[in-house]
Structures are given as structure tokens and as C-alpha cells.
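Fold and contact review
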Amino acid sequence: MNITRESTGDLTATIRMEISAQDYEESVNKVLKDYQHKANLPGFRPGKVPTGLIRKMYGKAVMADEINKLMGESMTKYLRDENLEILGNPLPNREKNSTVNFDLQKTFEFFFDLGLAPKVDLALSDAIKAERYTIKVDDEMVHRYLEETCRRNGNSIHPDISSGEDMITGELVEIDETGQPVENGVKKDTFLTLNQISREDSRKQLTGLKKEDNIRIHPATFFANRDEAAKILGIPKEKIREEGQLFDFIIREIHRIEPAPLDKALFDKVYPGKNIETEEQFTEEVRISIGKNLEGETDKLFFNQVTLMLVKEANLQLPDDFLKRWLLENRKEKITPPIF
């Protein structure tokens, strides 16, 4: 194995890796021998398939696997031994790498491009400052948290008449202008969560209803947009038309969460082991909990601000072209070069 490095810029380099037969032959032969012991081919006793046949059947694939494995292990060891700090990962140099022929070649040459991490030499001083914030826990926050806690620990009931916080289940049927079901149109059981509907007038249409009531829905005017219509109706966006589409929604059941009362049972459930006895003690514990949660958020903000300031002060130079290429070759989502 022969590995050399050529500098191609202030923060870039190209690795040349030469792999000869003596680097991989032993491991290839070991794998093929294992294949031979396990092979079960017609006309041969188990484990007695000729070595030549095994090599003919699997030799190239095994050689490719072992060379790839050797390249990865050797690159990792080289970077560690040379104390090289890289950005991203090594990228194959497509200009220098040639087509590999496992039938004819015994020695292989591979080239990889590296992006090197810059040296950071940052002198800290009192001039570098970042403000750390404290978020005040006000009564409105506490009130909202109490409401949500009571709802989250409440009981599900089925009232006779719907109100603005309910979820209504029923049958959704796509109809034409005469009120008849559309052939091959949407017909499904679904549910509507009233507080997820943006339009206040639409929410009002769904209140004061009872089981077996039928409400007509025109998605173009009932919802804020096609995305909201698809989400709330539970049907694919492409099945929502901009104009002229109608649905009948027949109510089958009304679901409501009855908030849990602020009592000892709730106190023990939310804060077990704290022996909270009164609503005032519970409210104070809620205020403390909110404060601790907000501290975590302000810590994140402070860390991000300090990081940005230090990066700015360090004035880091990066191998931009390499990093752009690395992003293009490693992102799962398709990115095209013109965005840069």
C-alpha cells in the first residue's frame, strides 16, 4: 500500500492511493475459501466445489468488496496518523480516477480530494460580548399551561351538541351540484377538529350541531387553502379542487375532552411525590416548571449567539468549492449547482 498527498490549495489536497495484489490477495483468498466451504452446487459434494469454479463465480465481486474495504480502512488510518482534520469526507477525484478492470488489473490507483479544516487562532477579550436573556414567566403563560394540563389529563365525553373545541367524526361524501354522490368521488369516514379550522365563520357552522346532522362543505370557501382542506378532511391534496367542489359531511359522533379539575388527584399525577395540597401550590409549581423550560431555550439562544460571534471574530477561511461539491454529492434531496 502506497499513499501520498499533494496539496492543491490552502485548504485542499488530493490523496493518491496505490493498492497492489499483495495488499488484498490474502483477504480475497480467505473469503473465497469460506465460500468454498459453504458452497452447495449441483454435481459437487458440499464444501468440495473446485477453487477455480468458486473464483470464476465470485472472484471479481469479492475482489471489489475487499479493495473497497481496504480503501476505507487505509484512508481512516492515514488521516489519523497524519493528524489531518477534514471537512465532510474524502471525495473521489473523477478526473484522475480511471475505469477499473478487475479482469486485467492487479494494481489499482485511486485519487481522493480532501477539504481541510482551517486552523483556529482566536484571541478572546472583553470586547467579545453576548447577551444572555431571561424570559419572565407571566400570569398568561401560567394560565395557558394550566388549561392545557387540565385538558391533557381530562376525560373524553360525547355531548349531544357540538361546540368550538370538539372533534366531530362522520362520513364525508363528494356530491355534485344536484346533491347526488359523485361517481368515483371521495367517500370516507373522517373527523373534523374544530380548533384546527382557520376560518371563524366555518367553525361557527360546525357548532350547535347534533348526531346525524348534515353540513355541506365547499372547500374553496370553507378552508383557508387547499393544504388546510386536505389536512382537515383527511384526503390527498390533489383531490381538492379550487372551485366548484362540494362535500356532504354527515355527523356520526361528537367528541369532547372534559378538563380534569384542579384537585389533589391531578396534582399528584402531574407532580408525583411533591405532596401538593392546594391550587396555589400547584400554580407555583407550574410557574417553576415553565421557568426551567424557558431557561433551556435561552441557553440554546445564548450558545448560538456566542458561536456566531466567535466564528465572526475568527474570520475563518473555508474551502468553498470543495464544500459546495460535497453538499451536491451527499444531500439526499436533489440540489443543482446554480443555487451557488
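Scoring rules and cut-offs
Note on numbering: residues in each chain are counted from 1, in written sequence order. With the structure being a predicted model, the display of local features is reserved for residues of pLDDT at least 70 and the display and counting of side-chain atom pairs for 80 or more, all residues being used for whole-chain, interface and lining totals. Excluding hydrogens and water, the side-chain values take into account all heavy atoms of the structure. Counting from the N terminus, the helices are DSSP H or I runs at least four residues long and the strands are E runs at least two residues long. Polar contacts here mean pairs of N or O atoms no more than 3.5 Å apart (in protein, one a potential hydrogen donor and the other a potential acceptor; neighbouring residues in sequence count only if both atoms are side-chain atoms). Contact between two residues is taken to exist if any of their heavy atoms lie within 4.5 Å; hydrogens are not considered. Whenever a helix is involved, its axis is fitted only over the stretch in contact; in every case the axis is a line through C-alpha atoms, and angles between N-to-C directions fall within 0 to 180 degrees. Any angle from 65 to 115 degrees is called roughly perpendicular, while one under 35 is roughly parallel, one over 145 is roughly antiparallel, and all others are oblique. Residue classes follow a fixed rule: Ala, Val, Leu, Ile, Met, Phe, Trp, Tyr, Cys and Pro count as nonpolar, while Asp, Glu, Lys and Arg count as charged, and any other residue, Gly among them, counts as polar. The buried label applies to any residue whose accessible area, calculated with a 1.4 Å probe on protein chains only, is under 20% of its type's maximum; exposed applies above 50%, and partly exposed to all values in between. We call two strands paired when DSSP finds no fewer than two bridges between them.

Inspection of the secondary structure assignment puts Thr12 in strand S2 (residues 12-19). A polar side-chain atom of Thr12 sits 2.9 Å from a polar atom in the side chain of Thr8. Setting aside chain neighbours within four positions, we find Thr12 in contact with Ser7, Leu114, Leu116, Pro319 and Phe322.

Where helix H3 (residues 139-152) contacts helix H8 (residues 279-314), the axes come no closer than 10 Å and their chain directions differ by 105 degrees. Judged by the inter-axis angle, H3 sits roughly perpendicular to H8. Taken together, the residues of H8 that come into contact with H3 (itself represented by Asp139, Met141, Val142, Tyr145, Leu146 and Thr149) are Phe282, Thr283, Val286, Arg287, Ile290 and Leu294. In terms of residue class, the contact of H3 with H8 is made up of eight nonpolar, two polar and two charged.

Attention now moves to the pairing of strand S4 (residues 108-115). A large share of S4 lies buried, amounting to seven of its eight residues. Sheet topology places S2 next to S4; eight bridges connect them, and they run antiparallel. Bridging from a neighbouring strand, Ile19 pairs with Phe108 of S4. Bridging between strand S3 (residues 91-92) and S4 involves two bridges; their strand directions are antiparallel. Bridge assignment links Leu91 to a residue of S4, and that residue is Asp113.

As a further point, take the pairing of S2. Of all the eight residues making up S2, six are buried; the element is thus mostly covered by neighbouring parts of the structure. Hairpin connection of strand S1 (residues 2-7) to S2: four residues between the antiparallel strands.

Let us look at unusual backbone geometry. For Asn184, which is not a glycine, the phi torsion comes out positive at approximately 60 degrees. The topology assignment puts Asn184 in the loop between strand S6 (167-175) and strand S7 (187-193). Residue classification places Asn184 among the exposed residues on the basis of a relative accessible area of 78%. We note that Glu212 has phi near 75 degrees; this positive angle belongs to a residue other than glycine. Along the polypeptide, Glu212 turns up in the loop between helix H4 (200-205) and strand S8 (214-217).

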